[in-house]
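Okay, here's what each chain looks like letter by letter:
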Amino acid sequence: MEKAYKLKKATYHLWTFTISKLISSFGSQVYTFAISFYILQMTGSATSFATNLICNVLPRTLVSPFAGYAADKYSRKMIVIIAQIGTTIAIGGLLVVSLTSGLSLAAIYMTTIILSLTSTFSGVTFTSSISGLVDGARIQKAMSMNQMSISFASIGSPAVGGLLYGSVSMPVFLIIYMIASSIAVILESTMNFNLFANRKKKVEGERKESMWQSMKAGFSYLKLQPLIMAMIWIALLVNFLFGAFEVGYSFILIEKLKIASNHFGFTQGALAVGMLLMSIYFSARKEVKFPFLVSKRGIMCMGMLMGGVSIPLLVAMPYPIIFSYYAILMFAFGVMVIIVNTPLQVFMQKQIDDDFKGRVFSILETMAMALMPLGMVLYGVLYDVLPAQWVLFLSSAVLIGVVLILARPSVVRKAHPEYRETNVIKEEAKSFS
């Protein structure tokens, strides 16, 4: 009876988790769209716009380790709820400012910083809680539905943001966001974050670790997990090398090929559509048998697609063919992002001890966030001094080489000891047929 109840509750969690993430992702992206538009309209300054982006990225990088510590040491449910309430209050504060003295850059920057902090605590804690919210057999489904909500928000938020920005005043827009955030709080309060959790129980009289000791313990735990370390290094280097794609894609299409802005936006939308459709597929299919191997092959495909971005610079094509080529390429890229991320996230959910998930995921996010700006700055310089196609081809080759080295067959066998056995069985079956 208890098992049936837990499975029923897990099903409820799948939907409440997805709806909550959809509301928060949609609200956050619509807010970012509207505020960015407002800053550019109000000031016409790229510096003011960039400052708002820094107010979003920098706090996430700095506070992520503390969010991981909190997720491992305190009630995850309480952290998620407090973070969502913090989001609601921050938007309410901006609403009060807009009604009393009018929106100012200082108020917008302060709100962006608070929202960045609350989303970091909420994001790290939710990621650490997946295996506690749903049964092991449906972790892939949960990760896929989470990605579906993010992809759906990516597709719909520019349209909704543009519609709201053009049809309602900023105070009305902020009120709508507050209501949506309040609904997310109510949904999260009904969830049991310890339903399937396997966390160590506190022993009375046990000496409490300081925050610094706890964070050091997280690094010590990682050192004892060579497989997870290999996966983290792959993720970090891939994030860094994808700076070539992040900078180069826009540079090539807009500056070199003079693609129209609406067509450029359509190709970006194709990425989100590819992610959405692949997320739906993963949510419906059974769990991937060899996730590490699938992710390895997916990253290699992404490396080839990254090199493919430069093909129209080398081969003359009519404009409609160029547009179609990039729309298909970005759709394929979106598909590959999910093929890489979802199995890897499921694998990490199952490999990492519940008591260390917060710290491990926060370490990963901190290092990735730190390397992304560095990669973008480096590639920004490289694209100014070298031909774009060679920057992309070289980065693509390095990316594939990194994956072949860090995810070499011996590492794959450590991740999936049964992989070789499966191949032997297949070969034997073929020999008998």
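- The protein is annotated in an unreviewed UniProt entry as MFS transporter of Cytobacillus citreus.
- What UniProt states about the protein under its Subcellular location (unreviewed entry) heading is, verbatim, "Cell membrane".

1. Quick word on the packing of helix α8 (residues 226–241) against helix α9 (residues 243–256)
Consideration 1: Two numbers describe how α8 lies on α9: the axes approach to 4 Å, and their chain directions differ by 20°. For the element pair α8 / α9, the angle class is roughly parallel. Taking contact as the criterion, the partners of N239, F240 and L241 in α8 are, on α9, G243, A244 and F245.
Consideration 2: Here the residues of the contact of α8 with α9 are counted per class, giving 4 nonpolar, 2 polar and no charged.

2. Description of the environment of S250
Consideration 1: Turning to its location among the elements, S250 is positioned in helix α9.
Consideration 2: Here S250 falls in the partly exposed class, since its relative accessible area comes to 27%.
Consideration 3: Expressed as a C-alpha distance, the spacing of S250 and Q268, which sit 18 residues apart in the sequence, is 9.9 Å.
Consideration 4: Each residue touching S250, except ones within four places of it in the same chain, is listed here: E255 and F264.

3. Observations regarding the side chain of S362
Consideration 1: Looking at the element boundaries, S362 is found in helix α14 (residues 357–385).
Consideration 2: Polar side-chain contacts of S362 include one of 2.8 Å to the backbone oxygen of R359.
Consideration 3: Discounting chain neighbours no more than four positions away, the residues touching S362 are S64, P65, G68 and V124.

4. Concerning the side chain of Q389
Consideration 1: Examined against the element boundaries, Q389 turns out to sit in helix α15 (residues 388–406).
Consideration 2: Beyond its immediate sequence surroundings of up to four residues, Q389 is in contact with S310, L313 and L314.

What counts and how
- Residues numbered from 1 in each chain as written.
- Predicted model: local features only at pLDDT ≥ 70, side-chain atom pairs only at ≥ 80, totals over all residues.
- Heavy atoms only, no water.
- UniProt positions renumbered as here; feature names shortened; annotations may be inferred.
- Axes fitted to C-alpha atoms, helices over the stretch in contact; angles between N-to-C directions.
- Helix = DSSP H or I, 4+ residues; strand = E, 2+ residues; numbered from the N terminus.
- Parallel < 35°, antiparallel > 145°, perpendicular 65-115°, else oblique.
- Contact = heavy atoms within 4.5 Å.
- Nonpolar A, V, L, I, M, F, W, Y, C, P; charged D, E, K, R; others polar.
- Buried < 20%, exposed > 50% of the residue type's maximum accessible area, 1.4 Å probe, protein only.
- Polar contact = N/O pair within 3.5 Å; in protein donor to acceptor, adjacent residues only side chain to side chain.

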